[in-house]
Amino acid sequence: QVQLVESGGGLVQAGDSLRLSCAASGRTFSSYSMGWFRQAPGKEREFVAAISWSGLPYYADSTKGRFTISRDNAKDTVYLQMNKMKPEDTAVYYCAATIGVARTIVEMYDYWGQGTQVTVSS
């Protein structure tokens, strides 16, 4: 089992920055690829970014160039730095973990956090 706890969400204005954190516990964090997903009201959960166990990042087209995913295996934590935020970034952001390669599909992740709300005002 892996437990994931997100933090860092909040209310920001368009153009601002925010950094989300996801602290993991339970199993060897460095063995897991980690992903960030988001879900806006009335919409399906969508891929935001992922990072492999080796540190290779992947991004959705909508976040590439604005968001940066990173991990600190010594702290068992993955981060999502969000810059130049837009109102359409408003959603609940979820952290997820999967064994093996980083993935962009919701169903391929085994463990999920409870989510943190991010609201971007115009």
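The coordinates are above.
Residues numbered from 1 in each chain as written. Predicted model: local features only at pLDDT ≥ 70, side-chain atom pairs only at ≥ 80, totals over all residues. Heavy atoms only, no water.

Trainee: Is there a simple way to explain the packing of aromatic side chains in this structure?
Mentor: What describes a pair of aromatic rings is the distance from one ring centre to the other and the angle between the planes of the rings. All chains considered together, the criterion is met by 6 aromatic pairs. Ring geometry for Tyr-94 and Trp-112: centres 6.4 Å apart, planes at 80°, overall edge-to-face. Highlighted residues: Tyr-94 in strand β9 (residues 91–99) and Trp-112 in strand β10 (residues 111–112), separated in sequence by 18 residues. Take Tyr-94: its relative accessible area is 13%, and that puts it in the buried class. Owing to a relative accessible area of 26%, Trp-112 belongs among the partly exposed residues under this scheme. (Phe/Tyr/Trp six-rings, centres within 6.5 Å; stacked < 30°, edge-to-face > 60°. Helix = DSSP H or I, 4+ residues; strand = E, 2+ residues; numbered from the N terminus. Buried < 20%, exposed > 50% of the residue type's maximum accessible area, 1.4 Å probe, protein only.)

Trainee: So what exactly am I meant to see when it comes to the side chain of Thr-98 here?
Mentor: Within the secondary structure layout, Thr-98 lies in strand β9. Within polar-contact distance, the side chain of Thr-98 engages the backbone oxygen of Met-108 at 3.0 Å. Residues within four places of Thr-98 in sequence aside, it is in contact with Tyr-32, Ser-33, Arg-103, Met-108, Tyr-109 and Asp-110. (Polar contact = N/O pair within 3.5 Å; in protein donor to acceptor, adjacent residues only side chain to side chain. Contact = heavy atoms within 4.5 Å.)

Trainee: Please explain unusual backbone geometry as it appears in this structure.
Mentor: Across the chain, the bulk of peptide bonds are trans and the bulk of non-glycine residues have phi less than zero. Unusually for a residue other than glycine, Asp-76 sits at a positive phi of about 55°. Residue classification places Asp-76 among the partly exposed positions, given a relative accessible area of 27%.

Trainee: What exactly am I supposed to notice about the sheet that holds strand β1 (residues 3–7) here?
Mentor: Strands belonging to one sheet form pairs held by backbone hydrogen bonds; the direction of such a pair is parallel or antiparallel. If you walk across this open sheet you meet the 4 strands as β1-β3-β8-β7, and the pairing is antiparallel. A strand with exactly one partner marks an edge of an open sheet, and here the two such strands are β1 and β7 (67–72). Going across the sheet, the axis of each strand differs from the next one's by a mean of 15°, ignoring polarity. Where strand β3 (residues 18–25) lies against strand β8 (residues 77–82), 6 bridges are found, and the strand directions are antiparallel. The partner of Leu-20 across the bridge, within β8, is Leu-80. (Pairing = 2+ DSSP bridges. Axes fitted to C-alpha atoms, helices over the stretch in contact; angles between N-to-C directions.)

Trainee: What am I meant to see in the state of the cysteines here?
Mentor: Simply put, the disulfide is a covalent bond whose two ends are the sulfur atoms of two cysteines. Evaluation of the coordinates by the stated rule reveals 1 disulfide. Across the disulfide from Cys-22 sits Cys-95; the S-S distance is 2.1 Å. Because the sign of the S-S torsion sets the handedness, a value of about -75° for the bond joining Cys-22 and Cys-95 places this disulfide among the left-handed ones. Remark: Cys-95 occurs in strand β9 and Cys-22 occurs in strand β3; sequence separation between them is 73 residues. In this pair, the class of Cys-22 matches that of Cys-95, namely buried. (Disulfide = S-S within 2.5 Å.)

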